[in-house]
Amino acid sequence: MMDIKHITDLIDKLEQTHALTRDEWIALIQERTPDAAEYLFERAREVRIRHYGHDIYIRGLIEFTNYCRNDCYYCGIRKSNKNALRYRLSEEDILSCCEAGYRLGFRTFVLQGGEDGYFTDERLAHVVSKIRTRWPDCAITLSVGERSYEGYQMLFDAGANRYLLRHETYDSDHYARLHPPALSADHRQKCLWNLKKIGYQVGTGFMVGSPGQTCENLADDMLFLTELNPQMVGIGPFVPHHDTPFGKYASGTVELTTYMLGLIRLLIPKALLPSTTALGTIAPDGRERGILAGANVVMPNLSPARVRKKYLLYDNKICTGDEAAESVRNLTQKMEAIGYHITAARGDSLNM
Ligand code: SAM
């Protein structure tokens with residue numbers, strides 16, 4: 001058992017050098033204590049305030065299709081889930097979501113979806129270019145999985161600026177435990193390097209507490225983040241979905257997820273870090289705790305209320321019937337209550 005001094009020394013070293021060895025990462029994660037976590041969160045808050053003040057950036061999330069060709073064992077919209085009610089938004093629907101979001105002050109639109117064959121590179125590029133022309137001052141973020149280099153390039157040329165693609169878990173054996181053989185850790189990571197090369201602001205990340213995950217796996221995730229040096233890092237707890245092979249596994253915890261958020265804030269001080277919906281799903285104050293651990297982004301849902309329940313990645317996912325305006329008001333109040341303010345700025349990453 002390590003004493004707290006050893007762990008706080010490692011936290012100090014991380015803050016000063018932004019690099020730890022694999023063994024140090026493992027120790028820092030494995031031997032964490034509530035006191036060490038409090039120390040970490042204080043450091044992480046100070047670092048985030050130094051770079052981003054008390055501002056919280058909002059991203060308007062548009063979940064535009066839940067058709068997916070993949071069969072990830074954890075995901076509620078996997079292709080084998082015959083109980084999923086499938087939908088796809090039309091180009092007009094997507095544009096009206098942006099219109100409503102723009103009026104509410106959103107300056108980033110995040111288009112997320114399953115890997116839906118209908119949305120070829122050309123079709124998606126058409127949607128992106130429409131958004132780019134109508135709202136030239138907004139950032140367009142895509143989160144539509146693995147595509148070819150040429151596809152990513154076409155979407156970038158059409159006007160997309162940012163891309164979210166969680167690596168999910170760095171270790172290839174653990175990756176194979178979470179995905180069918182057609183998918184590989186190697187290919188996922190290659191996509192991230194391609195996105196970076198093209199010039200996207202890249203976001204990656206992983207699930208915390210996914211089945212079979214070890215502290216060694218998390219240490220490898222941190223080493224991968226060190227190497228990739230992304231502009232954004234999205235992490236959230238694994239949450240089971242009853243119609244998937246992992247339906248009976250336990251969720252990840254707020255405790256470990258917030259701890260990892262604090263570590264990421266110290267590793268990449270200028271990264272944009274969302275406090276995710278999954279974190280808000282497993283605890284009523286989950287998103288606030290994420291912010292207090294160093295996160296600085298929230299992503300309210302701009303999808304039409306009629307489809308929200310259908311984008312069910314995991315059980316009990318927060319999907320209030322609230323109009324987007326209502327969600328923004330609620331989140332604004334929650335953030336004000338802990339001393340932070342939602343801002344309408346476009347909020348580009350300072351980690352360039
Ligand atoms: N298809 C795109 C992709 O692969 O990146 C975007 C959509 S995918 C559903 C978005 C993210 O949802 C995944 O990266 C994964 O981390 C997360 N997710 C899926 N199922 C989840 C679950 N059961 N618990 C927590 N997160 C989950």
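Everything here concerns the structure above.
So, a few notes on the structure that sits alongside this text. (Residues numbered from 1 in each chain as written. Predicted model: local features only at pLDDT ≥ 70, side-chain atom pairs only at ≥ 80, totals over all residues. Heavy atoms only, no water.)

1. Quick look at the site of the ligand
Lining the immediate surroundings of the ligand are 18 residues, of which Y74, G113, R166, E168 and V239 lie closest. At 2.9 Å, a backbone N or O of Y74 approaches a nitrogen atom of the ligand. Note that a nitrogen atom of the ligand is positioned 3.0 Å from one of the backbone N or O atoms of G113. Protein burial of the ligand: of its 560 Å² of free accessible surface, 92% is covered by the chains. Considered class by class, the residues forming the shell around the ligand number 10 nonpolar, five polar and three charged. (Near = heavy atom within 4 Å. Polar contact = N/O pair within 3.5 Å; in protein donor to acceptor, adjacent residues only side chain to side chain. Areas by Shrake-Rupley, 256 points an atom, 1.4 Å probe, with all protein chains shown as cover. Nonpolar A, V, L, I, M, F, W, Y, C, P; charged D, E, K, R; others polar.)

2. Looking at the sheet that holds strand β4 (residues 139-143)
Here six strands make up an open sheet; going across it, the order is β2-β3-β4-β5-β6-β8 and the pairing parallel. The open sheet has two edge strands, β2 (60-65) and β8 (232-233), and neither has a second partner. (Pairing = 2+ DSSP bridges. Helix = DSSP H or I, 4+ residues; strand = E, 2+ residues; numbered from the N terminus.)

3. Regarding the environment of Y73
Structurally, the position occupied by Y73 is in the loop between β2 and α4 (91-104). Given a relative accessible area of 23%, Y73 falls into the partly exposed group. Taking C-alpha positions, Y73 is 34 Å from L14, a pair spaced 59 residues apart along the chain. Contact partners of Y73, with chain neighbours within four places excluded, come to R78, A176, R177, L178, H179, P180, P181, T244, P245 and F246. Separated by 3.5 Å, the side chain of Y73 and the backbone oxygen of H179 make a polar contact. (Buried < 20%, exposed > 50% of the residue type's maximum accessible area, 1.4 Å probe, protein only. Contact = heavy atoms within 4.5 Å.)

4. A closer look at the pairing of β4
Of all five residues in β4, five are buried, a share of seventy percent or more. Across the two faces of β4 the burial is the same, with A139, T141 and S143 and I140 and L142 all buried. Summarising the sheet, strand β3 (residues 108-113) and β4 pair through five bridges and their orientation is parallel. Opposite L111, over in β4, you have L142 as the bridge partner. In this view, the connection linking β3 to its parallel neighbour β4 by way of helix α5 (residues 121-134) has right-handed handedness. Pairing analysis gives two bridges linking β4 to strand β5 (residues 162-164), with the strands arranged parallel. In the sheet register, T141 faces β5, and the bridge partner there is R162. (Right-handed = clockwise from strand over helix to strand, strands pointing away.)

Taken by themselves, the reported measurements are silent on function.
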